[in-house]
Structure formats: structure tokens, C-alpha cells
Amino acid sequence: GGPNFAETVKKSVMTNDNYSILVVDDGPDILEFISYNLKKEGFKVAVAENGIKGLEFVEKSPPDLILLDIMMPEMDGVEFCRILRTNKNYDSIIIAFLTARSEDFTQIAALDVGGDDFINKPIRPRVLVSRIKALLRRKKSEFDSSKDDILEFGDFVINKGKVSVTVGDKSLDLAKKEFELLYLLASKPGRVFTRDEIFNKIWGTEVIVGNRTIDVHVRKVREKIGDKYIKTVKGIGYKFED
């Protein structure tokens, strides 16, 4: 008969081997534990025991996703992420922080420098794997959606494909999450986005961070593009007005 049905199904399901993950952590036990669990799921896994080695690895072969410890000697995770996010070539790399501390400020710092998510230690393998899959799915859907969406408001231009914001011939430098926030609001001028909605669309429902994160990002966007575009709607959220 034809190809074995179970084999065909198995092939279509096992696509994790297309994705590469870099784990940066100064704990050998953690590196081994995470590598083992991710390799078992079919991911390609590389490890680095500090931020400096992690950056060297990224320059050689950029992964799809980085699992990053916050507290490390030589270069901590926040600094590593900040450096990585200043290089546009690495914009598409997903960064998920591994954090043993649940204080708001650590998590806000991690997201402020461009982290996409964080996973609390002690790490539970099933939770880790499902979070990683969700992050990669989100990346794929962003990638599949139209690349060349351009929003124009007079001489104020937001280009999703290039991830750029220009006013006249002046280019404004926005961090990844700041850009996503601006693009979301500007995609429907005049419509009020609730805080929950902004949160879910930009940080995803799996991230639990302090309420201040959105305000911090709005403040930073306003500092860069001026106050006139993003309006606060008291007690509800924000809207974009051109």
C-alpha cells in the first residue's frame, strides 16, 4: 500500500528541528537540563555559559530563540539583551529571560531592553517547551503577515517591513516593543485600545508583568515622536490621533 499513515502524520508534526535555540546561563546543571529537554523535543540546541560567549555565538550563527539567564557574571542577561537589540540584524531573534526572581523591577528591566517573554525558575520542562513553541508560533505568524505595511500621516511614516519610523527625512530610533506599540495604535487611528488588548497583542497573554510596562513604553515612544499622536484615555487605555 501507500506510505504509512502514522509515519506521514509524524513527519508533519515534527518540525521543531527547523528551529535553533541558544541557552545562555552560568549554571552547568541548568544548561544540561534545558538542553536535554529541548533536544528531546527535536530542537537544535547550543549553549553558552556567559553573555560574552553568547554574543560570540550569535555573531557566528544567529539562533531563532535565546533563553537567557538574568543573573550572570561578566555580563548579565539584561546587558546582553540590550547589546543584541541595538543590532537590527538580530531583530527577529526571540529573547526569553530565565528568571529566579519574581520582582516586578527585574521583569520590567528585562522587557524594557527588548525581551519578548520570561520563564520563571525552577524550570518545569513541559511549561518551558510549550512556552517556546508559543513564542515560535507567534514569530512565524508575524513573519507570514504582510511585510510591507506602510502607515502614512503627512510626513510621519511608519514602515512595518523596514521597522522604521520617519518624520520628513529624519529617522527615529525606536526599540522593538516601542515600534510594535506605535504600529498597533497607528494601524487604527482614533480607535481606543484597552490596556489588556495592547498587552496581549504586544507581549502575548503568557507574559505577566507589572502594569507600568505599557506606560513606560508609551512614555518612551512619546519622547521620540512627540506628544501629539498618542492620547491617554483615562482609565481605559490609549489611542492614536493623526
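Treat the numbers as computed from the prediction; the structure is a model and nothing was measured.

Undergrad: Please explain the sheet that holds strand β1 (residues 20-24) as it appears in this structure.
TA: Think of a sheet as strands paired side by side through backbone hydrogen bonds, with each pair either parallel or antiparallel. With parallel pairing, five strands are arranged side by side in an open sheet as β2-β1-β3-β4-β5. Pairing within the sheet leaves two strands with one partner each, and these edge strands are β2 (44-48) and β5 (117-120). Direction aside, neighbouring strands of the sheet carry axes that sit 20 degrees apart on average. As defined by bridge partners, β1 adjoins strand β3 (residues 65-69) across four bridges and the pair is classed as parallel.

Undergrad: Teacher, can you tell me more about the packing of aromatic side chains here?
TA: The description of an aromatic ring pair rests on the distance of the ring centres and on the angle between the ring planes. Scanning all chains against the criterion turns up seven aromatic pairs. Seen from their ring centres, Phe-153 and Phe-156 are 6.4 Å apart, and the 35 degrees between their planes marks the pair as tilted. Relative accessible area serves as the criterion here: at 12%, Phe-153 is assigned to the buried category. Residue class for Phe-156 comes out buried when judged on its relative accessible area of 0%. The structure contains a cluster of three or more aromatic residues connected by ring pairs, namely Phe-153, Phe-156, Tyr-229 and Phe-240. Between Arg-191 and the ring centre of Phe-193, over which it is positioned, the NZ or CZ distance is 4.3 Å.

Undergrad: Whenever I open this one, the pairing of strand β11 (residues 230-233) confuses me. Can you help?
TA: Remember that side chains alternate between the two faces of the sheet whenever the strand is regular. Judged from the four bridges that link them, β11 and strand β12 (residues 237-240) form a sheet pairing that is antiparallel. Considered in β12, the bridge of Ile-230 is made with Phe-240.

Undergrad: Which parts of the structure should I look at to understand the nonpolar core?
TA: A general tendency of soluble globular proteins is for nonpolar side chains to be buried together. Core analysis: the largest hydrophobic core is formed by 50 residues, its most contacted members being Ile-66, Phe-156, Ile-158, Leu-182 and Ile-230. Per-element accounting of this core gives the leading share, seven residues, to helix α7 (residues 176-186). Judged by nonpolar contacts, the second largest core, of 20 residues, contains Leu-38, Phe-43, Val-45 and Leu-98.

Undergrad: Would you mind going over unusual backbone geometry with me for this structure?
TA: The general pattern is negative phi for most residues beyond glycine and trans for most peptide bonds. In this structure, the amide linkage connecting Lys-121 to the following residue, Pro-122, adopts the cis form with an omega of -5 degrees. Structurally, the position occupied by Pro-122 is in the loop between β5 and α6 (125-144). Non-glycine residue Glu-74 carries a positive phi angle of around 70 degrees. Within the fold, Glu-74 resides in the loop between β3 and α4 (77-85). The backbone of Val-163 sits at a positive phi, close to 50 degrees, despite the residue not being glycine. Here Val-163 shows up in the loop between β7 (156-159) and β8 (164-167).

Undergrad: What am I meant to see in the pattern of salt bridges here?
TA: Oppositely charged side chains are able to pair whenever their charged atoms sit close together. Enumeration according to the criterion identifies 17 salt bridges in this entry. Here Lys-121 makes a salt bridge to Asp-25, at a shortest N to O gap of 3.2 Å. Of the two residues, Lys-121 is situated in the loop between β5 and α6 and Asp-25 in the loop between β1 and α2 (28-40); the sequence distance between them amounts to 96 residues. Here Arg-131 ties to Asp-117 by a salt bridge, and the two come within 3.2 Å at their closest N and O atoms. With Arg-131 in helix α6 and Asp-117 in strand β5, this residue pair connects regions lying 14 residues apart in the sequence. Asp-117 matches Arg-131 in its accessibility class, with the two residues each being buried. Shared partners join several salt bridges into a network, and the residues in it are Arg-85, Asp-116, Lys-176, Lys-177 and Glu-180.

Quick notes on the rules
- By convention here, each chain's residues receive numbers from 1 onward along its written sequence.
- Note on the predicted model: pLDDT of at least 70 is required for a residue's local features to be given, and 80 or more for side-chain atom pairs to be given and counted; whole-chain, interface and lining totals, by contrast, use all residues.
- Heavy atoms throughout the structure, all of them, feed into the side-chain values; hydrogens and water do not.
- Note: two strands are recorded as paired if DSSP finds a minimum of 2 bridges between them.
- A run of H or I in DSSP counts as a helix once it spans at least four residues, and a run of E counts as a strand once it spans at least two, with each numbered from the N terminus.
- Helix axes are fitted only over the stretch in contact, all axes being lines through C-alpha atoms; the angle between N-to-C directions runs from 0 to 180 degrees.
- Stacked, tilted and edge-to-face are the three classes assigned to paired rings of Phe, Tyr and Trp, where Trp is represented by its six-membered ring and a pair needs centres within 6.5 Å; plane angles under 30 degrees give stacked, over 60 edge-to-face, the rest tilted.
- Only protein chains enter the accessibility calculation, which uses a 1.4 Å probe. A residue is then buried if its area is under 20% of the maximum for its type, exposed if over 50%, and partly exposed in between.
- Working rule: Lys NZ or Arg CZ, within 6 Å of ring centre, within 35 degrees of ring normal, means a charge sits over the ring.
- What is meant by a nonpolar core is a set of buried Ala, Val, Leu, Ile, Met, Phe, Trp, Tyr and Cys residues, joined one to another through side-chain atoms within 4.5 Å.
- One side-chain nitrogen of Lys or Arg within 4 Å of one carboxyl oxygen of Asp or Glu is enough to make a salt bridge.

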